[in-house]
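Summary of the model geometry
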Amino acid sequence: MDTEQLHATTSTASMIPHLVFKLDGSEYAIHVKHVREIITSVNPSTVPGAPDYLMGVINLRGKILPMVDMRKRFDLPVLEDDGRDCFIVLTLEHDNQCYELGIRVDAVCEVQRIPESCIDSISDLSNYSSQRLSFQGVAKTASGIKMIVDSTQLVEQLRSDVRLKLQSSAPSNPQPSIEELCLS
Amino acid sequence: MSQSPIIETIHTLAEATLGQTVAIEQLSELLLTLTEELEANSFAALAFVAEAAAKNCLYCPGDDETKRTALFDLCERLLNAVISTEPFNFGGIHPDLQWMLVTPPDQVAATFNTEAAEVPEAAAKPAEVSGSEHADSNELMNCQCSDPELLDEFLTEADEHLDQAEQLILALETDPQDKEAINGVFRAVHSLKGSSGILGLTPLAKLSHVAESMLVRLRDGALALTPDVLAAVLASMDYLRRQIVSIRQTRQPSGALECLIAPLVLIEILETLTQKGTCDRNLFDHLRQEESGESVADVVVKTTSTAPKQESLRVDCKRLQQLIDLIGELVITESAVAQELAKQDSLTASSVSTRLRKVVRDVQQLSLGLKMVPVGAILQKMNRMVRDVSAQLGKPCRFVIEGADTEVDKTLLEGLADPLVHLIRNSLDHGIEPSVSDRIAAGKPETATIRVSAEHRAGSIVITISDDGRGLNRERIYSRAIEKGIIAANLKLTNADIDQLIFKPGFSTAATVSDISGRGVGMDVVRKNVENLRGTIAVHSNPGKGMDIVLELPLTLSIIDGTVTKVGDRSYIIPTLAVIEQIQASNMELITQGQRKLVRFRDSYIPLTRLSELLNIEPGHPPKHGEVCLVVQACQKQWAFLVDRVLGQQSIVIKPLGGVLDAFEHFAGGALLAGGEIGFVIELNTLFTNAMR
């Protein structure tokens, strides 16, 4: 194998395909293995007692998916619904369980193969409170800087936010319990 | 492999057989010793022969004289085999010897029983001389091919194991380093060894045993996977397959001498390979002579064609679930079609709609039944556990199963295994009195009873575990809870409250942690497991008399009849089976008690609340003519709550909300309603358990 071929193979080996999407003017990237599909129109049914960035749940071919508004999630200003939103359906395996959800983004750009060398992991960047933002790194490519979304963290954050919201809104019951009032 | 001691032993044995003074029993003992020596020196095949003769010579029909001659014959042949390293020569052996070597255990038993009557002296002696050996034979006699169900199960499993092993061996031909494959073959052979041993199919068990030893060496890398080794393993598989075919036809192990030769040669080959890594080519030739000339292909055809008509079929669980999901969609679509047809207002439309509904309902019922298995399957396993643990604890106890035929979803059953085991162990360890004398003092029978009963009740399956032990020791529980800081020191609690304390994490009144229970992790984990299956657990203790633990679980996990209600903009579905009554606002009789309102229901008053309150959401939009009150049954109590409107009843397919939303425990799932809306199915038990806390 001559050096050129060698170079070519090693380059493809460390090029990681990401789906690039746009949110409030900035570009973000997410590993393609977590992207199941892209859908355009949804009509979510709201979920009582869920965090407000959770738009609701939808039915996708017989399966129920929670839909997250990423603008709200990242505390970005919310736009009017002009019917041009896209939703990326994410899927990931974590702790022996399969999680699926849809995220609402402004636009989906392209699939880009990002060389590993261009990716800095988040621990190098101390400026970002990366936990809250669910990022795992930053890609510096020719077309600009893209934040790489950590799907696992996203899901974990979501689950804990849901749990916290439910717990905090549980009624503190100063009144006698229902049981005690049952007359026979 | 030293031979001289063995040769000496054989000589000694041979002399003993010639003399008139040595009893058959003693000869048997000597043979057993020889067996051990042969085993220790890797003469596995010969050891097998010697052992068979040792065990059976006592029961061989005929007089002592002929038996001695037979045993002398045996000695000669053993000697030949040891010196020449040829396989054991079966040609022209003494007929009694043949009897000793090939008679299956149950026939031995039959002979023994008749012999015992005629020869009381001989019967007495075995008990003294070789008491343990006697017991061994009894073991063999007890577990045998006479049980057709056991045999069938063995045959089916054996086929599967052999299929699996074969695949893996072929894989090993291309990749001899595949550790997983070697492991897989080992496991298959290991299982075969175990089950054939239990059924008394000694040649198969022995062959599997030797094969297993070789596989262990292969697995550990102590033996290289040469073509010879592969050939030996494949030959063993072939032999086992042929045996399975023959047993399937004749329903018992073959009693012919020929059937013994092949395995012995195989054992010889395997043993040599295990020890030396190579083996004499001649041995393989011996094997070829024994093969009936059938190719493996023929055997495979025979296996499949002689297999009894399958009464059951293994189906991939995922596929089954897909089918059930699709049928769920079918049910929903049928509802929509029915609505449309109703609009047409014609007789034909109406009758077609009814027919469609009936067919779809039947399909639905059937599909749900596909995953249902009788509860008895899991309860039978508990039988063994109760026997072992009660023996270990010295507490005689009998185990009664009622309603073993009650059917339950398979997934549910799997989730029930752990909780059931724990609850039964608790009964044995804590519930039942520590000693028989305690029970007698309490006026109870010596043997305790643990009863598990299962029944269907209003869309749920109810499993009750009851024991006739001491019940919960409330003083101990109370003081222990204070000790552990679970409750404040002088809190007054009712008996029911004290009983509930056992569900607190980390709770146990046991003085020491035993491996059975008492680690205090128990009851709260049990409850969690039961609640994960969307069930409830209740404890009813009767101090001194016993205790009942009642588990209530939903029958079907995915399709229910639902009452669709509306609160505000959202739809909530209540399982119709749990709805006892629906009361319109105009018909409600309310009384006020302080700040609470109670609604009259039959002869009592039930506190009234709103679904929005229970769910902790904003109150809905009550229509002008008032809200609707639903009275439901949950947690073995009745509850009443208000919703804005009741839209109707329909079949609901419960779909999981997904892992992201798993904190919503009070929702059993979501359901697709007309118009694409997703309604939430209320999990009543969790909703009200949370409300009570």
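Source: prediction; values computed, not measured. (Residues numbered from 1 in each chain as written. Chains lettered and ligands numbered in written order. Predicted model: local features only at pLDDT ≥ 70, side-chain atom pairs only at ≥ 80, totals over all residues. Heavy atoms only, no water.)

This next bit is on the overall build of chain B. A count of helices and strands for chain B gives 25 helices and 18 strands. When the 693 residues of chain B are sorted by exposure, 49% land in the buried category. Within chain B, contacts between residues separated by at least 24 positions form 68% of all contacts whose residues are at least 6 apart in sequence. (Helix = DSSP H or I, 4+ residues; strand = E, 2+ residues; numbered from the N terminus. Buried < 20%, exposed > 50% of the residue type's maximum accessible area, 1.4 Å probe, protein only. Contact = heavy atoms within 4.5 Å.)

Summed over all chains, the structure comprises 10 aromatic pairs over all chains. Ring plane angle 15° and centroid distance 4.3 Å describe the contact between W639 of chain B and F688 of chain B, whose orientation is recorded as stacked. Taken together, the residues span a long stretch of sequence, with W639 of chain B in strand β15 (residues 637–643) and F688 of chain B in helix α25 (residues 684–692) at a distance of 49 residues. The class of W639 of chain B is buried, set by a relative accessible area of 3%. Arranged with centres 5.7 Å apart and planes meeting at 5°, the rings of F664 of chain B and F667 of chain B form a pair that is stacked. The residues F664 of chain B and F667 of chain B share a single accessibility class, namely buried. Taken together, F21, Y28, F74 and F135 of chain A form an aromatic cluster joined through their ring pairs. Here R73 of chain A stacks its cationic end above the ring of Y53 of chain A, 5.4 Å away from the centre of that ring. (Phe/Tyr/Trp six-rings, centres within 6.5 Å; stacked < 30°, edge-to-face > 60°. Lys NZ or Arg CZ within 6 Å of the ring centre and 35° of its normal.)

It is worth spelling out the nonpolar core at this point. Core analysis: the largest hydrophobic core is formed by 85 residues, its most contacted members being L31, L38, L74, L101 and F154 of chain B. In this view, L74 of chain B contacts L31, V49, A53, F88 and L97 of chain B; residues no more than four positions away in its chain are not counted. (Core = buried A, V, L, I, M, F, W, Y, C linked by side-chain atoms within 4.5 Å.)

So, on to the interface of chain B and chain A. Tallying the contact residues gives 33 residues for chain B and 34 residues for chain A. Across the chain B/chain A interface, buried area totals approximately 2,900 Å², and carbon plus sulfur atoms make up 68% of it. Here chain B is connected to chain A by one salt bridge. Here D662 of chain B ties to R159 of chain A by a salt bridge, and the two come within 2.9 Å at their closest N and O atoms. Run the count over chain B and chain A and you get four residue pairs in polar contact (both at pLDDT 80 or more). Elements supplying a minimum of two residues to the side of chain B that touches chain A: β9 (570–575), β12 (596–601), β13 (604–610), β15, β17 (667–672), β18 (678–682) and α25 of chain B. Of all the elements, β17 of chain B adds the most residues to the side of chain B that touches chain A, at four residues. Here the side of chain B that touches chain A is built from residues that sort into 19 nonpolar, seven polar and seven charged. (Buried area = accessible area lost by both parts, 1.4 Å probe. Salt bridge = Lys/Arg side-chain N within 4 Å of Asp/Glu carboxyl O. Polar contact = N/O pair within 3.5 Å; in protein donor to acceptor, adjacent residues only side chain to side chain. Nonpolar A, V, L, I, M, F, W, Y, C, P; charged D, E, K, R; others polar.)

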